[in-house]
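A structural walkthrough
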Amino acid sequence: MLEEYLRKIPFLRIFLPFAAGVVLASVSPGLAAVPFLIAAAILLLPAGWLIARPGYYRNQVSGLVLTLFWFVAGAGCLLYHNRAQPAVLGDSYVAVLLETPQEKPKSYRAEVLMTHVEQDGLLKTVSEKVLVYFEKNDSAALLLAGDRIVFKRMPQQVQNGGNPGEFDYRKFLSRKGIGRQVYLPEGSWERSGSDHSFRPTVVAEKIRDRLIGIYEENGLSGDELAILSALTLGYKKSLDPEVTQVFVSTGTMHVLAVSGMHVAIIYVALNFLLGFLRRGRIGRLTFLILTIAALWGYAFLTGLSPSVQRAALMFSMLSVGENMSRPMNIYNTMAASACLIVMVNPFLLFDAGFQLSYLAVLGIIYFQPKIASLLEVKAKFGRYFWDLVNVSIAAQLATFPITSFYFRQFPVYFLLSNLILIPASFAFIFSGVALLLLSPFRLLAGFLATGTGYVVGWVYKSLQFIGSWPGALLHNMTFTPVHLVITVLGILLLVLFVESRKSYYFLGIMGLSVLFFATSAGIKISQNRRNEIIVYNQSEPVIHLIAGRRNYVLASARTLQEQFPGREVAAVVSRRRLQKPQPVSFEEDFNDGYLLKSGSGVVFRGKRLWLFSAGGREPLEHTDLVVDLTGKFPAEQAPGKSVVLSWKAFRSGHSDSLNIHYIRQQGAFVLLF
């Protein structure tokens, strides 16, 4: 059966080995790109000769050589993109803003492209993307995409905190081509005019800002403006966290991210409006040109985000296939677009948006007709309602493993929410486009903006109501990589069972279900027996004590008051499904049978900790951990086998025999016992 699928989807023979090579290179950072690129070049000649042979894919030797070629090419492609770039040092730096700075609680953040570096009075041309944080002030608030800035602060390498369960921000930025960042306080930079080079993303950002300005000029504001901007133009920077959480808890966050669904709406509308052109050869060519131009024009208006680029490319290839008057395999078209995207940027293979967009489309293509056939609905309105239901189920079935693995949550009422929002999305996109076209006619545009604002507000309140229902969102799901593999295998067996009706595939699904729940039970048992001490890499000392699902957070009273439980602690509590942590301040005594704290001494599940503060007493004998809260711990007072944890460098002359862990330099300290 697999061989039959590969014959029908030849581009899958390219995508699978290429993707496998990319994955191998990603988990083997020590590999060099040059040997893989040389090997791919050596295999290129026989591979090209074999491709030219009719029916090459039916020959085992030919297939092996071609598979090896694409595998080596995939590994070499990622290693080449991931090659280390030497940091450019200079006395001053010139950079162009690639986006309008986004407001953060304490700063403005923007991606910039460094174009020149001044070294010893000489101006050197460079090209490096850097993340810039501006101190909040009026000058930073006025910056726009395309502005040129000059600064003297040297960008620093992006570093993670080294805390357990934290998001790998360094890897995330490296996959976007960003390796350094810099904070620019007021007075450390200046604006130096605008960049006049043509940069597509900058031009797209400027156009989108202008379109959002048209929305504002016609009376839209607040949450209605933020939601409509996100739904129609993909601009999510002005969304409040509370608004975003409503869409997350109702399973409609995908609508806010302009992607495949929005491009599909444009594609369907174009087919409806311009379908009359698809008569004759010239008409089909005209239709194809207009369709592709409209798809990429919309992608341009939405800022050329990666998700829109993927969708525009996929539907462009679908349009080409449909208008070639030849049989078209939609799976092969999707595989071809995925190949092209990953070859241009192999890091997108690991992008959640890339995975979800292709899986959602695959789910709709394969599962939707089969789900729709389960119930015959003759009434027009009823059939429309049933189509919305089966499309939502098909997309959710295909994307459930990935969303559960990445986000560890599941929106229970996603069907009802999508029944409201998906039809509304059609209306929002068309009303948004109409509002932009009618903007010269202030009266009509104002009337349309008012009506659109009311509808957006009603939809948002409906989602708020659904999201407030009991159990609307399953939080903190236990979904490990093992669960992901089991679930994906289960869906594949389901497909094979639907296609062949073989009973052993169904038995395999039942066996995987048992394995899934057995794995979950094993994880819970292991968690209940787990004791752990975590000392986080934060500016202020925070100690996390974990016994099964029971846990305690030790910190200063001020820290607990300002940021309890804190982002780092919350990530561990969420990932491991712990109970609500019990706060214990350094200044108080505490005893509940699991944790005993008296003065500077702490006893937790048989482990002894000593909290050293200024003027504190010497640690007791047999102390396991000495937590230096001051950076002035006297070396001679350390018990023999203690591990000393400090947030600052020790004074010179400390004993080399001490087992010291520098939190700020080495990351969080974790002790399992």
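Data block above holds the structure.
Residues numbered from 1 in each chain as written. Predicted model: local features only at pLDDT ≥ 70, side-chain atom pairs only at ≥ 80, totals over all residues. Heavy atoms only, no water.

Remarks on the pattern of salt bridges
With the rule as written, the count across this model stands at 15 salt bridges. A salt bridge links Glu499 to Lys370, with the shortest nitrogen-to-oxygen separation between them at 4.0 Å. Remark: Lys370 occurs in helix H15 (residues 352–372) and Glu499 occurs in helix H19 (residues 481–500); sequence separation between them is 129 residues. Lys370 gets classed as partly exposed once you look at its relative accessible area, which sits at 32%. Between Arg576 and Glu532 there is a salt bridge; the shortest N-O distance is 2.4 Å. Taken together, the positions of Arg576 in the loop between helix H22 (567–575) and strand S14 (582–585) and Glu532 in strand S11 (residues 531–535) put the pair 44 residues apart, joining distant regions of the chain. (Salt bridge = Lys/Arg side-chain N within 4 Å of Asp/Glu carboxyl O. Helix = DSSP H or I, 4+ residues; strand = E, 2+ residues; numbered from the N terminus. Buried < 20%, exposed > 50% of the residue type's maximum accessible area, 1.4 Å probe, protein only.)

As for a nonpolar patch on the surface
On the surface, Val23, Leu24, Val27 and Leu31 cluster together to form a nonpolar patch covering roughly 300 Å² of accessible area. Among the residues examined, Val23 registers a relative accessible area of 37% and is labelled partly exposed. (Patch = residues over 30% accessible without salt bridge, like charges linked within 9 Å, V, L, I, M, F, W, Y side chains within 5 Å. Areas by Shrake-Rupley, 256 points an atom, 1.4 Å probe, with all protein chains shown as cover.)

Overview of the packing of aromatic side chains
Applying the stated rule across the entire model yields 24 aromatic pairs. When the ring of Phe479 is compared with that of Phe516, the centres are 6.1 Å apart and the planes differ by 55°; the resulting orientation is tilted. Linking Phe479 in the loop between strand S10 (473–474) and H19 with Phe516 in helix H20 (residues 503–528), this pair joins segments that are 37 residues apart in sequence. The exposure class of Phe479 is buried, given its relative accessible area of 1%. Seen in terms of ring centroids, Tyr504 and Tyr505 are 4.7 Å apart; in terms of plane orientation they differ by 55°. Their pairing is tilted. Ring-pair connections join several aromatic residues into one group, and the members of that group are Phe400, Phe410, Phe414, Phe479, Phe516 and Phe517. (Phe/Tyr/Trp six-rings, centres within 6.5 Å; stacked < 30°, edge-to-face > 60°.)

A few points about the environment of Gly511
By the secondary structure assignment, Gly511 is in helix H20. Accessibility expressed as a relative area gives 39% for Gly511, which makes it partly exposed. A C-alpha to C-alpha distance of 40 Å links Gly511 and Pro565, two positions 54 residues apart in sequence.

Brief notes about the sheet that holds strand S21 (residues 659–662)
Across a sheet, strands are paired by hydrogen bonds formed along the backbone, either parallel or antiparallel in direction. If you trace the seven strands from one edge of the open sheet to the other, you get S15-S16-S17-S18-S19-S20-S21, paired in mixed fashion. Where the open sheet ends on each side, the last strands, each with one partner, are strand S15 (590–591) and S21. Where S15 meets strand S16 (residues 595–598), two bridges bridge the pair, whose relative direction is antiparallel. Across the sheet, Phe590 pairs through a bridge with Lys597, a residue of S16. (Pairing = 2+ DSSP bridges.)

Some words on the pairing of strand S20 (residues 643–646)
Alternating residues of S20 divide into Val643 and Leu645 and Val644 and Ser646, and every residue in both groups is buried. Both strand S19 (residues 625–628) and S20 contribute to a ladder of four bridges, which runs parallel. From the neighbouring strand, Leu625 faces S20, where its bridge partner is Val643. Of the strand pairs in this sheet, S20 and S21 are connected by four bridges, and their pairing is parallel. Directly across from Val643, in S21, lies its bridge partner Asn659.

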